[in-house]
Amino acid sequence: MLHIDWVRYPHDVHDRIWDSSFWEDYMTEINTTTPVDTKNAFDVPQAIISKSSIPKGADKPWSRDWVMLNPDDVQVYLHFAEIQVLKPSDTREFDILWNGATISYDYSPPKFIADTVAIRTSTKCVDSYNVGLVRSRSSSLPPSISAMEVFGVLQLPQSETDENDGLSIVLNFMYIILARPI
């Protein structure tokens, strides 16, 4: 039987549903009881940001693939926080890849502070997507991620309002929110 852990309102003030069912067997979880500062525009719940997914094996990348049908635009938000007290000799630094292309080099999550990296694209002909985190050469620790939000933007073919009123109707729907289990 599949067990799915969800986090949503009242733990998420925006009533997003954080679903943990997507994490793969090659990943492991780290967590903390130390509060993480979540004071940014995304208000990621403490139950989500206080856990992170890392690949099993320090040399392994973290990767996630998914499919979206017919989006006009894709918006991805990657949520990070360094939730481990690192030894002076330890570093966690990695490159962030979007569909195989590096979009951020040598990213290092802030210590016990939520940070979000946004990926916004206009790739109308693509229906398969990939986010990858690859350890940099100077890092002693594998990449980690606390959560990922994926949104698809669809243009409505017929407006519910008069075409002369100057409004353009766009439906911005939440496709999937991916997070760690509680």
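Scoring rules and cut-offs
- Residues numbered from 1 in each chain as written.
- Predicted model: local features only at pLDDT ≥ 70, side-chain atom pairs only at ≥ 80, totals over all residues.
- Heavy atoms only, no water.
- UniProt positions renumbered as here; feature names shortened; annotations may be inferred.
- Phe/Tyr/Trp six-rings, centres within 6.5 Å; stacked < 30°, edge-to-face > 60°.
- Helix = DSSP H or I, 4+ residues; strand = E, 2+ residues; numbered from the N terminus.
- Buried < 20%, exposed > 50% of the residue type's maximum accessible area, 1.4 Å probe, protein only.
- Salt bridge = Lys/Arg side-chain N within 4 Å of Asp/Glu carboxyl O.

As annotated in an unreviewed UniProt entry, the chain is Malectin-like domain-containing protein from Brassica oleracea var. oleracea. Regarding the chain, the UniProt comment filed under Subcellular location (unreviewed entry) reads as follows: "Membrane".

The subject of this paragraph is the packing of aromatic side chains. Going through the model one piece at a time under the given rule, you end up with eight aromatic pairs. A ring pair is formed by Trp 98 and Tyr 129, whose centres lie 5.5 Å apart and whose planes are at 25°; its orientation type is stacked. Pair noted here: Trp 98 is in strand E7 (residues 94-98) and Tyr 129 is in strand E10 (residues 128-135), with a separation of 31 residues, a long-range link. Of the two residues examined, Trp 98 and Tyr 129, each falls in the buried class. Counting every residue linked through ring pairs, the aromatic cluster contains Phe 42, Tyr 77 and Phe 151.

Turning to the pattern of salt bridges, a few remarks are in order. Summed over all chains, the structure comprises three salt bridges. Between Glu 149 and Arg 16 there is a salt bridge; the shortest N-O distance is 3.3 Å. Taken together, the residues span a long stretch of sequence, with Glu 149 in strand E11 (residues 147-155) and Arg 16 in the loop between strand E1 (6-7) and strand E2 (18-19) at a distance of 133 residues. For Glu 149, a relative accessible area of 2% translates into the label buried. A salt bridge links Arg 92 to Glu 82; the shortest N-O distance between them is 2.7 Å. Here Glu 82 lies in the loop between strand E6 (73-80) and E7 and Arg 92 lies in the loop between E6 and E7, a separation of ten residues in the sequence. One exposure class covers both Arg 92 and Glu 82, and it is buried.

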